[in-house]
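Summary of structural features
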Amino acid sequence: MKRFLCPCGNTLFFDSTSCLACRRPVACDPVRKAFVVLESAGPAAARLCANGLQYGVCNWLAMPGQQAGLCLSCQMDRVIPNLGDRRNVMLWGKVEAAKRRLIFELIGLGIPMTPGGRNLFDGLTFRIVSTRLDSGVTMGHLNGLITVNLEEADDTYRQINRQTLGEESRTLLGHFRHESGHFVWQQWFDALSWNHAHRLAFRECFGDERQDYSWALYHHYAVGSARSPDNFISAYASCHPWEDWAETWAHYLQMMDGLQTFHSLGLDLSQLTLACDQFEPTTVALPGVLGIRKLDDAGFLVNLSAWLQVAAVLNELSASAGQPMLYPFVIDGGVARKLRLIHYFVQTCRQGARR
């Protein structure tokens, strides 16, 4: 996350609703990637999202011309929980905070999110449902609609699920990142021919997505992974190429967001004395079908090496506070190559050369 400033010069943070120095209310403008002071009068005055005004769950700027007075993030909701229940409102606020961070990350990567325009994220919507209403609700993506289990915003509920499923980490933001990966895959690959270079590159790194997805999930939950967990960022990633992509995509977003946060707060990587394992450029070389980009490979390695150092620092700081590791994952050569391919796809999307 980047560092924000109030117009008065004081530091603001992503979830800020007011400035502690000048005491004025503020709202985040995700398109300009900056905070603005909320005015109380005038036809052109900046307005807080209606969900922030009414329920206190949003600190983004209302979109101009949006009839309901919603922000870029909130206008993407198709179903929200029963707001007559105060507990639902509290949990919904946590869900919306994670969703806003995801959307801001995607904008930061150069992936356009302007509503109504022809861009990658046209059609992305969210359905936020409580298991109290639908006991069978699970997190998932289907044709542009991401379903979110409201109860996952409850820390106890989420940790029980994490332990039951044997996961190293389980967070609301991680859910959003993962499910956005499924949406991105559908947007980038579904319309491609079977022999398109991008599809072939995907299969070389992640495997053949044409294998039976339903059987893969059943096998994973019933008897364990059908493949060795080596070269996968998580055990769940090993069950099917689609899940491998979504899990790796989520970690790519975490890496890029973490590095931006580190740099924007003025921390200097060159001062770190950690000796992390270094990957050879050949380890992260793109599949041959995409051509040779040695310079780009080297640039990606700089980011990857930096992230390994930052993750080590975060884990040690967390241990010093008596907490579990913040990043309990291992990036080996196979995972590094998958991350490199995702970085390539993000770059091509940003350059308008997705097809």
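Further up the page is the structure itself.
What comes next is a walk through the structure. On a predicted model such as this, the values are computed, not experimentally measured, just so you know.

Once that is clear, we can look at the sheet that holds strand β6 (residues 125-129). Pairing is mixed in the open sheet, where four strands are placed in the order β5-β6-β8-β7. If you trace the sheet from one side to the other, it starts and ends with β5 (77-79) and β7 (140-142), each paired once. Neighbour to neighbour, the strand axes of the sheet diverge by 30° on average, direction disregarded. The sheet contact formed by β7 and strand β8 (residues 145-149) spans three bridges and is antiparallel. Considered in β8, the bridge of Leu142 is made with Leu145. Against the sheet, helix α2 (residues 86-108) touches β5, β6 and β8, its axis set at about 155° to β6. Across the sheet, helix α4 (residues 172-189) is in contact with β6, β7 and β8; its angle to β7 comes to roughly 20°.

Residues Val26 and Cys28 point to one face of strand β3 (residues 26-29) and Ala27 and Asp29 to the other, with burial holding for every one of them. Sheet topology note: the β3/strand β4 (residues 34-37) ladder contains four bridges and is antiparallel. Counterpart to Cys28 in the pairing with β4 is Phe35. Connecting β3 to the next strand, β4, in antiparallel fashion are four residues, including Lys33 with a positive phi near 55°.

With that settled, the discussion passes to the side chain of His141. With respect to the element layout, His141 can be found in strand β7. A distance of 2.9 Å separates a polar atom in the side chain of His141 from the backbone nitrogen of Gly144. Beyond its immediate sequence surroundings of up to four residues, His141 is in contact with Ile146, Glu179, His182, Phe183 and Gln186.

Turning to helix α5 (residues 197-206), a few remarks are in order. Among the 10 residues of α5, seven are classified as buried, and the element is accordingly described as predominantly covered. Gly207 sits one or two positions beyond α5 and adopts a positive phi of about 110°.

Judged by how many residues are buried, β8 sits mostly within the fold: four of five residues are covered. Looking at chain direction, β6 and β8 are connected through five bridges and run parallel. Each residue of the ladder has a partner; that of Val129, found in β8, is Asn149. Counted along the chain from β7 to the antiparallel partner β8, the turn is two residues long, and its residue Asn143 has a positive phi close to 50°.

This model, assessed by the stated rule, comprises 17 salt bridges. For Glu209, the salt bridge is made with Arg203, and the minimal N-O distance between the two is 2.9 Å. There is no split in this pair, since Glu209 and Arg203 are both buried. The closest approach of N and O atoms between Asp244 and Lys338, which form a salt bridge, is 2.7 Å. Of this pair, Asp244 sits in helix α7 (residues 241-264) while Lys338 sits in helix α9 (residues 333-350), placing them 94 residues apart in sequence. Of the two residues examined, Asp244 and Lys338, each falls in the buried class. Residues joined in a network through salt bridges with shared partners are Arg199, Arg203, Asp208, Glu209 and Arg210.

Before going further, it helps to spend a moment on the nonpolar core. Among the nonpolar cores identified, the biggest contains 89 residues, and Trp245, Trp249 and Ile331 are the most heavily contacted of them. Leave out the neighbours within four places in its chain, and Trp249 touches Leu106, Ile111, Arg177, Ser180, Gly181, Val184, Trp188, Ile342 and Val346. Of all hydrophobic cores here, the second largest spans five residues; its members include Ala27, Leu38, Leu48 and Leu61.

Here we take up α2. With 23 residues, α2 should cover 33 Å at 1.5 Å per step; its first-to-last C-alpha distance of 33 Å lies within 8% of that length. The backbone nitrogen of Arg87 has a side-chain oxygen 2.8 Å away, supplied by the residue at the start of α2, namely Asp85. Two residues or fewer after α2 comes Gly110, characterised by a positive phi angle close to 90°.

Following the criterion strictly, the structure yields zero disulfides and no others. The thiol of Cys49 is not disulfide-bonded; the next cysteine sulfur, from Cys74, is found 3.8 Å away. Residue class for Cys49 comes out buried when judged on its relative accessible area of 0%. Left without a disulfide partner, Cys71 is nearest to the cysteine sulfur of Cys58, which lies 3.6 Å away. For Cys71, a relative accessible area of 0% gives the class buried.

Excluding glycine, residues mostly carry a negative phi; peptide bonds, for their part, are mostly trans. For Arg23, which is not a glycine, the phi torsion comes out positive at approximately 70°. Among the secondary structure elements, Arg23 is positioned in the loop between β2 (11-12) and β3. What makes Arg23 exposed here is its relative accessible area of 64%. Despite not being glycine, Asn143 has its phi angle at roughly 50°, a positive value. Turning to its location among the elements, Asn143 is positioned in the loop between β7 and β8.

Cut-offs used in this document
- Along each chain, the written sequence defines residue order, and numbers are assigned to residues from 1.
- In keeping with the model being predicted, local features are shown solely for residues with a pLDDT of at least 70 and side-chain atom pairs are shown and tallied solely at 80 or more, while totals for entire chains, interfaces and linings include all residues.
- Just so you know, side-chain values use all the structure's heavy atoms and leave hydrogens and water out.
- DSSP-based pairing: two strands are paired if at least 2 bridges between them are found.
- By the criteria applied, helices consist of DSSP H or I runs no shorter than four residues and strands consist of E runs no shorter than two, each listed in order from the N terminus.
- Note on method: axes are straight lines fitted to C-alpha atoms, helices fitted across the in-contact stretch only, with angles between N-to-C directions ranging 0 to 180 degrees.
- Residue contacts are defined here by distance: any two heavy atoms, one from each residue, within 4.5 Å place the two residues in contact.
- Relative accessibility under 20% of the residue-type maximum defines a buried residue, over 50% an exposed one, and the middle range a partly exposed one, all with a 1.4 Å probe and only protein chains included.
- Two N or O atoms count as a polar contact when they lie within 3.5 Å, although within protein this holds only if one can serve as hydrogen donor and the other as acceptor, and sequence-adjacent residues are included solely when both atoms are side-chain atoms.
- Should a side-chain nitrogen of Lys or Arg be within 4 Å of a carboxyl oxygen of Asp or Glu, the pair is scored as a salt bridge.
- By nonpolar core is meant a set of buried Ala, Val, Leu, Ile, Met, Phe, Trp, Tyr and Cys residues that side-chain atoms within 4.5 Å join together.
- Here, expected helix span is obtained from the residue count minus one, scaled by 1.5 Å.
- Here, the term disulfide refers to a pair of cysteine sulfur atoms separated by no more than 2.5 Å.

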